[in-house]
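Fold and geometry: a report
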Amino acid sequence: MRLSHFERFAPRCPICAARQTEPHDIAGAPRLLLIERLATHGAGDTAHVVHGVLRCADRACQAEFPIIDGIPFILASVRELIAASSAAILLRDDVPARLVSLVTDCAGPGSWLDRAGLYAGSYAADHYGSGEADGVPVAACGNASIDPAGWTPGSAASVLDRLLALAGDHGLAMGDALDAGCATGGVSLALAQRRPQALVLGIDTNPSMLRVAHGVLRTGVARFVLRTEGISYEPRVARLSAEAVEAMARVDAWCCDALALPVTRGTFTTCVALHTLDSVAAPGGLLMELARVTRPGGRVMIASPFDWSPAVTSIDQWLGGHSQAASHGARGDRVLAQLLTGPDDPATHPGLAALRVIARDDVAWRVRLHARAMTTYTTHCVACEVVDVSREA
């Protein structure tokens, strides 16, 4: 956790915020205090607290939130998340790759270790490139190419660039930015390179991906594993460009709930959410929360392939994907357009009135699966301006 970001964004206690009578304004929630610095990296404002403890300033609450491997866990369900992810959070990084391979074999397909390697590796390869073998290759695929034919990294950055083009220039473009669903941090870094005066905060709830992001932010080097075939993975290392290294001092990544961000109204001037809308329990709630934390005149940018999973989002919350007889024809882009041009029930989605669509488009998003396969999504991009609805009332 960078001290510069902690001081600038002044996180509030998410447990106290959840008790607020006005759920969309957490200004009354107490701040979190940094009470212990157990290990640090670097010096000055950009120093990292690698291990430490945050505590709610309210003596009646006193809730504590750990900082582990640079990741501050700032969410109301902190105990539940850590209980469910303790293996990933405490995963050792000093075990030889050959032994990790054996453990993965024992855990088997679909295990948390298999899923963590697949998802973190797919995002990291897109964000930083496949890099080179980290040590002696352990996979059977240690051959000329570890990537499928036709796949190239940088797909997420291309989606970001399209969103920024759709959003256009505006007076607040150089202000601080949020990357909601930052994964392994590459889009946050790309956003910092395109916003040279801004602090950029990435948030996610996946500790395995955040560990990769924080390794990058401390060292300028991405270390991850890439799936070759089945449950066979190869350790890789990719080094940042000089431009990205210069930008990384302005980037941090926190473990936070995108539906209940621990920052006050209007904290950011730019918010992006790439492939996050279909990865949360309440897509409408995500839109409202991004509108809340974005200053009037700022931009909210969404990209989603509407690839819903009932394990994450109940079908009644999907934007499209069901009810084909309805006027939207089960198309997610049409349902999203209806929400953003005037919700049927403003009381259900009160924050959506602040989002005014500027432009939209569809672009390709390619995801590496393993050495012989990738998948291509047509992701829907929408750029919105945040307006002050209180002035229009």
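The notes below deal with the structure included here. The structure presented is a predicted model; accordingly, all values stated were derived computationally and were not measured. (Residues numbered from 1 in each chain as written. Predicted model: local features only at pLDDT ≥ 70, side-chain atom pairs only at ≥ 80, totals over all residues. Heavy atoms only, no water.)

Turning our eyes to something else, we now look at the overall build of the chain. When helices and strands are tallied, the chain shows 12 helices and 14 strands. For the chain, whose C-alpha radius of gyration is 21 Å, the value lies close to the compact-globule estimate of 21 Å for 393 residues. A buried classification covers 53% of the 393 residues belonging to the chain. A fraction of 71% describes how many contacts in the chain between residues 6 or more apart in sequence connect residues 24 or more apart. About 17,100 Å² of surface is accessible on the chain, with carbon and sulfur atoms providing 51% of the total. Placing the 34 positive and 40 negative side-chain charges of the chain at their respective mean positions leaves the two points 2 Å apart. (Helix = DSSP H or I, 4+ residues; strand = E, 2+ residues; numbered from the N terminus. Rg over C-alpha atoms; globule rule 2.2 N^0.38 Å. Buried < 20%, exposed > 50% of the residue type's maximum accessible area, 1.4 Å probe, protein only. Contact = heavy atoms within 4.5 Å. Areas by Shrake-Rupley, 256 points an atom, 1.4 Å probe, with all protein chains shown as cover. Lys, Arg positive; Asp, Glu negative; His and termini not counted. Charge placed at Lys NZ, Arg CZ, Asp CG, Glu CD.)

As a further point, take the packing of helix α5 (residues 112-128) against helix α8 (residues 207-219). Two quantities define a packed helix pair, namely the angle between the axes and the distance from one axis to the other. One can describe the packing of α5 onto α8 by two numbers: an axis separation of 9 Å at closest approach and a directional angle of 35 degrees. Where α5 crosses over α8, the two elements pack in a sense that is right-handed. Where α5 approaches α8, its residues Ala116, Tyr119, Ala120, Tyr123, Ala124 and Tyr128 are matched on the opposing element by Ser208, Met209, Val212 and Val216. (Axes fitted to C-alpha atoms, helices over the stretch in contact; angles between N-to-C directions. Left-handed = near helix turned anticlockwise from the far one by under 90°.)

Turning next to the layout of surface pockets. Space inside the second largest pocket adds up to approximately 1,200 Å³. Taken together, 37 residues line the second largest pocket, and the ones lying closest to its centre are Leu91, Arg92, Asp93, Arg211 and Arg223. Going through the elements one at a time, α4 (97-107), α5, α8, β8 (221-229) and β9 (232-239) are the ones with two or more residues in the lining of the second largest pocket. The class makeup of the residues in the lining of the second largest pocket is 21 nonpolar, 8 polar and 8 charged. (1 Å grid on protein atoms, 1.4 Å probe; cavity = no way out; pocket = protein on both sides within 12 Å on 5 of 7 lines; lining within 4 Å. Points joined across faces, edges and corners; volume = space filled by probe spheres on them. Nonpolar A, V, L, I, M, F, W, Y, C, P; charged D, E, K, R; others polar.)

Below, the discussion takes up the sheet that holds strand β11 (residues 268-274). Read across the open sheet, the 7 strands follow the order β10-β7-β6-β11-β12-β14-β13; overall the sheet is mixed. In the strand order of this sheet, the two ends are held by β10 (251-255) and β13 (355-370), each with one partner. Neighbour-to-neighbour, the strand axes of this sheet turn through a mean angle of 20 degrees, independent of strand direction. With 14 bridges connecting them, β13 and strand β14 (residues 373-386) associate as antiparallel partners. Following the sheet pairing, histidine 370 is matched in β14 by alanine 373. Set on the sheet, α8 makes contact with β7 (200-204) and β10; between it and β10 the angle comes to about 155 degrees. The strands touched by helix α11 (residues 332-340) within the sheet are β13 and β14, with β14 carrying the most contacts at an inclination of about 15 degrees. (Pairing = 2+ DSSP bridges.)

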